[in-house]
Amino acid sequence: MYSPTIILEALVNGLMLGAVYALIALGLTLIYGVLHIVNFAHGALLTVSMYLVWIGCEYFGLDPYVAILFVTPAMFAIGYFLQRLVIGPASRGSDNGILLVTLGLSIVIQNLLLAGFNSDTRTIVTDYAFGVIPLGPLLLSQPRVIGLAVSVVTAGLLWLVLNRTDIGKAIRAVAKEKLGASLVGIDVAHVYAMTFAIGTACLAIAGGLLMPSFYVSPTTGAAFVLVAFTIVVLGGMGSIPGALIGGLLIGVVEAASSLFLGDSLGQIGIFLIFILVLLFKPTGLFGAR
Amino acid sequence: MKTLTNSFSRRTVLKAGGAAATILAAPGLVRAQAPIVKIGLVQPITGAFAGDGDLARIGAEYAVKEINDAGGIKALGGAKIQLLIGDSRSNAEAGAQATEQLKTDGAVIVVGGFASGIAMTASQAAARYELPFIIDGAVSDGLMTRGLKSVFRFGPSFGASADVALKNLVAINDAAGKAAKTVAIVHEDGLLGSGLAKLMQQRLPPLGFQIVETISHPTPARDMSNVVLRLRSLNPDLIIPSMYFNEFVLLARTMQQQRVKPKGIYALFGGAASSYKFVSEFPDAAEGVMDVNHWGDPKNPTNAKLMEAVKATGKFYAYNTPINYSLIQIAAQAIEMAKSTESGALVEALAKNEFDSGVMPYGRTKFDATGQNVNALPLNTQVQGGDIKVVYPEQFAQSKPKFPANG
């Protein structure tokens, strides 16, 4: 049996890692909520943003957290034009089409990264990567604490954008009633692209938060995106608070079950919760539709 | 209209290129009088293992240049070696295709392989033509139990390496007054890690070690904090990791952050502890880590030259370079001895003779009836002072093992 300190530490670790999961899930859930597509390219785009952060550090000497400020607009633009120029036109309006296009896109991006950066793993060395914040008996990893804070703030900002701005209103209108929205003069194609862009920009922040303690190789994103999919369904597809709470919950559950069952079986905890939620509340924790 | 223009310009470019190639090749045609012997190298030049394939290529090319500069293959009238490179694209199917292509292009011996899965199919393809194939550092025991007459392995098998690793561990631990008594095994839950974990669970207790915990984790792992928390609460003397590079780096970094300092970290084919990339990026996390792995003989002056050659390309030296350098040397010796490039004669020469092992610490290379080099063995390396040092066995050691590492 573990001492209470160890258990508490594992749970806090889970909470902090869960916050970054949540951030990745936020983008995914937003895109699903509005475009009604499951974006299979999400993982590959996360990898792209991690590479951009790495490039910022390696070639421009930027701190990964500072790099976020540059990578976020870049990813926003990438997301916007991907939807506007590739996903939208190529899918020809069919949902199955979009699904396949995003899947194809993920393969193309992954292989472009492989061609450009080969399979070497890249890491960023920072002074604070090994820093810990002692909190009573706990040793909290500095990058993780920052990750938690930034994720929660980002979720709050996203909620504000959706609820307090014109583009937020337009996004919500399109999500609820596409035809109606276009009848009142909302440019649906633009709103789609904006949504995809915001979702992709979330990945830039996640990438910046991950890089100080993680590594990037062309397949890195996949490790995070599977868990993000789970969070999206768990929290209720398309729900922002759902993604945040779902992410934190999954992080804690994963930490607890890996501590007691081992990391290999730790995944069981995630999917057990997942199945239970689907059985008793199929719309997810915060799902309305 | 647009496509038409494009295809025109492409054709023009091709024409110009073709013309240029002819002009450039012409002097070569006039001079190409000396006979040529083609040796094939199958390595992952692209794909996930591209970095390893590239290091192997550097070693092989170095050997070819050395042999050619020294007058080529004397038994064949000073024939020059031409290295043909087959790209296994980091997967097993392409490994077989690349070997077929090398055969078609006229390779008389093929060497390489790298990963066990690729070595398996590539050597199988060679065996169909009875083309001699010498496997490099792919360790799977299954490679040499197939009864393929023309397939040889230069490096040690996994089983033999595990024996060496355990024997050396006991020796190092005894020399330190049995400093380590408790062991935690951390392994990835795939074939590689589980296999090693099982072996360690069987073999360590009779040697006087108490296994306090066996922790498995998935690949890729997103996080190692829970593994490290468990290690912190168990506080084992020795940690035996068995996982791929990325996970090992994550583990070592998390251990450093969480202030977990065991007396030793002892890996078998851990990669990371014999990786200059890891050492240069995370010197603090890497310090003191021990690994049992393929490694060039540090006392061989050519090994130092290979290290320089790798460094000159801006890459990090790893075992792929010395092992493939040595493979080309062995292939050349076999051709000298066979005085022929005919497959049957070469296979016979490889099976019957002893060879100089190039820069590998194998003494004389001698292939047994299964094709396994009986004198192959891995070395113990340790990260010391930001450098990788061979610490055991003594005849190859550059410095003494520092154990306990955090004493």
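What you see is a predicted model; the values in this text were computed from it and never measured.

A.B. asks: Tell me about the sheet that holds strand β9 (residues 264-268) of chain B, and please be specific about residues and values.
C.D. replies: Within a sheet, neighbouring strands are paired by backbone hydrogen bonds and run either parallel or antiparallel to one another. All names here are of chain B. One open sheet accounts for seven strands, arranged β7-β6-β8-β9-β10-β13-β14; its pairing is mixed. Strand pairing shows two members of the sheet lacking a second neighbour, β7 (210-217) and β14 (387-392), which therefore form its edges. Going from strand to strand, the sheet's axes swing by 25 degrees on average, the running direction of each strand aside. As paired elements, strand β8 (residues 238-242) and β9 share two bridges and run parallel to each other. What sits directly across from L238, in β9, is G264.

A.B. asks: Lay out the domain arrangement of chain B with the relevant residues and their values.
C.D. replies: Residue and element names in this part refer to chain B. Here the domain parsing of chain B yields domain 1 (36-156 + 298-376) and domain 2 (159-293 + 380-396). One C-alpha centre belongs to domain 1, the other to domain 2, and the line joining them spans 30 Å. Between domain 1 and domain 2, the contact holds 10 residues from the first and 11 residues from the second. The residue makeup of the side of domain 1 that touches domain 2, split by class, is eight nonpolar, no polar and two charged.

A.B. asks: An account of the interface of chain B and chain A is requested, with residue identities and associated values reported.
C.D. replies: At the junction of the two partners, chain B supplies 28 residues and chain A supplies 29 residues. For the side of chain B that touches chain A, the secondary structure elements donating two or more residues are α2 (50-69), β7, α7 (225-234) and α8 (245-257) of chain B. With six residues, α7(B) is the largest single contributor of residues to the side of chain B that touches chain A. Broken down by class, the residue content of the side of chain B that touches chain A amounts to 11 nonpolar, 11 polar and six charged.

A.B. asks: Go over the UniProt feature "transmembrane region" (unreviewed entry) in chain A, please, and point to the residues and values.
C.D. replies: Residues and elements named next belong to chain A. What UniProt calls "transmembrane region" (unreviewed entry) maps, in this numbering, to residues 6-24, 31-53, 65-86, 98-117, 145-162, 183-209, 215-235 and 268-288. End C-alpha atoms of residues 145-162 are separated by 26 Å, and the span's content is 100% helix alongside 0% strand. Helix and strand shares over residues 215-235 are 76% and 10% respectively, and the end C-alpha atoms of the span are 28 Å apart.

A.B. asks: How would you explain unusual backbone geometry if you had to name every residue and give the values?
C.D. replies: Residue and element names in this part refer to chain B. Residues Y392 and P393 are joined by a peptide bond in cis, for which omega reads -10 degrees. Within the element layout of this structure, P393 appears in the segment after β14. The omega torsion across F403 and P404 is -5 degrees, close enough to zero to call that bond cis. With respect to the secondary-structure elements, P404 resides in the segment after β14. Positive phi outside glycine occurs at R89, with the angle close to 45 degrees. Within the secondary structure layout, R89 lies in the loop between β2 (80-87) and α3 (92-104).

A.B. asks: Break down the packing of helix α2 (residues 42-60) of chain A against helix α9 (residues 220-235) of chain A for me, citing the residues and quoting the values.
C.D. replies: All names here are of chain A. One way to put it is that α2 packs onto α9 with a least axis distance of 8 Å and a crossing angle of 130 degrees. With respect to their mutual orientation, α2 and α9 come out oblique. Between α2 and α9 the crossing geometry is right-handed. Residues H42, G43, A44, L46, T47 and M50 of α2 lie in contact with α9, whose contacting residues are T220, G221, A222, F224, V225 and A228. Looking at the contact of α2 with α9 residue by residue, the class counts come to seven nonpolar, five polar and no charged.

A.B. asks: Tell me about the sheet that holds β2(B), and please be specific about residues and values.
C.D. replies: All names here are of chain B. Reading across from one edge, β2-β1-β3-β4-β5 is the order of the five strands in this open sheet, with parallel pairing throughout. If you trace the sheet from one side to the other, it starts and ends with β2 and β5 (151-153), each paired once. Averaged over all neighbouring strand pairs, the angle between strand axes comes to 25 degrees, with direction disregarded. Across four bridges, the pairing between strand β1 (residues 36-43) and strand β3 (residues 109-112) is parallel.

A.B. asks: Give a detailed account of helix α1 (residues 4-35) of chain A, specifying residues and quantitative values.
C.D. replies: For α1(A), spanning 32 residues, the distance from its first C-alpha to its last is 45 Å, which sits close to the expected 46 Å at 1.5 Å a residue. Burial within α1(A) is extensive, with 25 of its 32 residues counted as buried.

A.B. asks: So, the nonpolar core: which residues are in play, and what are the values?
C.D. replies: Counting 222 residues, the largest nonpolar core has Y21(A), A22(A), I24(A), A228(A) and A331(B) as the members making the most contacts within it. Per-element accounting of this core gives the leading share, 18 residues, to α1(A). When residues of this core are assigned to domains, at least three fall in each of domain 1 (36-156 + 298-376) and domain 2 (159-293 + 380-396) of chain B. Setting aside residues no more than four positions away along its own chain, Y21(A) makes contact with F224(A), V227(A), A228(A), I231(A), G247(A), I250(A) and G251(A).

A.B. asks: Would you mind going over the environment of I24(A) in detail, with residue names and values included?
C.D. replies: Residues and elements named next belong to chain A. Along the chain, the position of I24 falls in helix α1. Residue classification places I24 among the buried residues on the basis of 32 C-beta atoms within 10 Å. Linking I24 and L203, residues 179 residues apart in sequence, is a C-alpha distance of 5.8 Å. Those residues in contact with I24 that lie beyond four places of it in its chain are L46, L203, A206, F224, V225 and A228.

Definitions and limits used
- Residues numbered from 1 in each chain as written.
- Chains lettered and ligands numbered in written order.
- Predicted model: local features only at pLDDT ≥ 70, side-chain atom pairs only at ≥ 80, totals over all residues.
- Pairing = 2+ DSSP bridges.
- Helix = DSSP H or I, 4+ residues; strand = E, 2+ residues; numbered from the N terminus.
- Axes fitted to C-alpha atoms, helices over the stretch in contact; angles between N-to-C directions.
- Domains from an automatic or database assignment.
- Contact = placed C-beta atoms within 7 Å.
- Nonpolar A, V, L, I, M, F, W, Y, C, P; charged D, E, K, R; others polar.
- UniProt positions renumbered as here; feature names shortened; annotations may be inferred.
- Parallel < 35°, antiparallel > 145°, perpendicular 65-115°, else oblique.
- Left-handed = near helix turned anticlockwise from the far one by under 90°.
- Expected span 1.5 Å × (residues − 1).
- Buried ≥ 20, exposed ≤ 12 C-beta atoms within 10 Å, placed from the backbone.
- Core = buried A, V, L, I, M, F, W, Y, C linked by C-beta atoms within 7 Å.

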